[in-house]
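# Coordinate inspection notes
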Amino acid sequence: IKELLNIIRSISVAWLECKERGLIYRDIHICNIYKTIDGKYKLGDFGNCSISSLDEEVIGSKWFMAPETYTHGHFDECSAVYSITMVFYFILNGLKPPFVKCQNDKEAFKKRMSGATLLLPSRLICINAYRNFIMKLIRRGAAFSQDERIKSLSEYIHTVDQLVVLLGEYNNVIYNNAGFNFIYS
């Protein structure tokens with residue numbers, strides 16, 4: 001999980017850097033995260049960026065979109081927290097969106113957009129240590145209501161950093177696909 005948390009932290013920092021440069025990066029999803037030769041993770045594909053968070057266009061992959069983005073085209077830092085958390089969930093769920101296992105894609109998406117509580121990702125089922133802390137990050141980061149969600153990426157990064165410290169020195173590979181090794185404790 002530590003490597004996965006590194007990915008999440010890196011794209012959170014990248015999103016904030018875009019914002020500091022006047023860009024609102026709206027297309028956060030698994031296919032727009034790239035690993036450099038030196039092992040750093042970066043955001044790519046800037047074709048759907050905007051210069052204003054007031055743009056009300058629905059942009060991005062629906063599986064990673066915050067509810068307010070999908071329904072109203074609204075995208076801000078809190079929406080970015082949601083999208084980044086969905087990347088985290090997607091990877092921990094064996095590269096599958098929430099609820100797909102028990103329903104078809106259309107019904108699974110409808111269930112997520114109705115505010116259903118996210119289930120334990122499949123890759124966390126076998127992990128007892130720190131599972132509750134990881135699920136707390138997921139549920140706070142991907143809360144349906146913006147009022148219940150982590151509001152800023154600074155707070156999100158701080159929470160991720162706390163989880164990395166909590167994980168300590170335990171390292172075991174739980175998932176390997178396309179060159180990614182995801183570590184858990």
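Look up a bit, the structure's there.
Bear in mind that the values here come from a model prediction, so they are computed numbers and not experimental data.

### Remarks on the nonpolar core
Trp15, Phe88 and Tyr156 are the most contacted members of the largest nonpolar core, which has 51 residues in total. Here this core gets 11 residues from one element, more than from any other, and that element is helix α3 (residues 77-92). Ignoring any residue separated from it by four or fewer positions in sequence, one finds Phe88 in contact with Leu4, Leu5, Ile8, Ile134, Leu137 and Ile138.

### Concerning the packing of aromatic side chains
Enumeration over the complete set of coordinates arrives at five aromatic pairs. Ring geometry for Trp63 versus Phe109: centroids 5.5 Å apart, planes at 85 degrees, classification edge-to-face. Here Trp63 is found in the loop between β2 (41-43) and α2 (67-72), whereas its partner Phe109 is found in helix α4 (residues 105-113), with 46 residues between them in sequence. Both residues of the pair, Trp63 and Phe109, count as buried. Linked through ring pairs, Trp63, Tyr70 and Phe109 together constitute an aromatic cluster. Its guanidinium or amino end placed over the ring of Phe109, Lys62 lies 4.7 Å from that ring's centre, counting from NZ or CZ.

### Some points on the packing of helix α5 (residues 131-141) against helix α6 (residues 153-167)
The geometry of a pair of packed helices is captured by two quantities: the angle between their axes and the separation between those axes. The geometry of α5 relative to α6 is characterised by a closest axis approach of 11 Å and an angle of 170 degrees between their N-to-C directions. Between α5 and α6, the angle is such that the two are roughly antiparallel. Contact residues: α5 offers Phe133, Ile134, Leu137, Arg140 and Gly141, while α6 offers Glu155, Tyr156, Thr159, Val160, Leu163 and Leu166. In terms of residue class, the contact of α5 with α6 is made up of seven nonpolar, two polar and two charged.

### A word on the environment of Ser114
With respect to the helices and strands, Ser114 occurs in the loop between α4 and α5. Exposure remark for Ser114: the relative accessible area of 56% places this residue in the exposed category. Residues Ser114 and Pro67, 47 residues apart in the sequence, show an inter-C-alpha distance of 8.6 Å.

What counts and what doesn't
Residues numbered from 1 in each chain as written. Predicted model: local features only at pLDDT ≥ 70, side-chain atom pairs only at ≥ 80, totals over all residues. Heavy atoms only, no water. Core = buried A, V, L, I, M, F, W, Y, C linked by side-chain atoms within 4.5 Å. Buried < 20%, exposed > 50% of the residue type's maximum accessible area, 1.4 Å probe, protein only. Helix = DSSP H or I, 4+ residues; strand = E, 2+ residues; numbered from the N terminus. Contact = heavy atoms within 4.5 Å. Phe/Tyr/Trp six-rings, centres within 6.5 Å; stacked < 30°, edge-to-face > 60°. Lys NZ or Arg CZ within 6 Å of the ring centre and 35° of its normal. Axes fitted to C-alpha atoms, helices over the stretch in contact; angles between N-to-C directions. Parallel < 35°, antiparallel > 145°, perpendicular 65-115°, else oblique. Nonpolar A, V, L, I, M, F, W, Y, C, P; charged D, E, K, R; others polar.

Any functional reading would require information that these geometric values do not contain.
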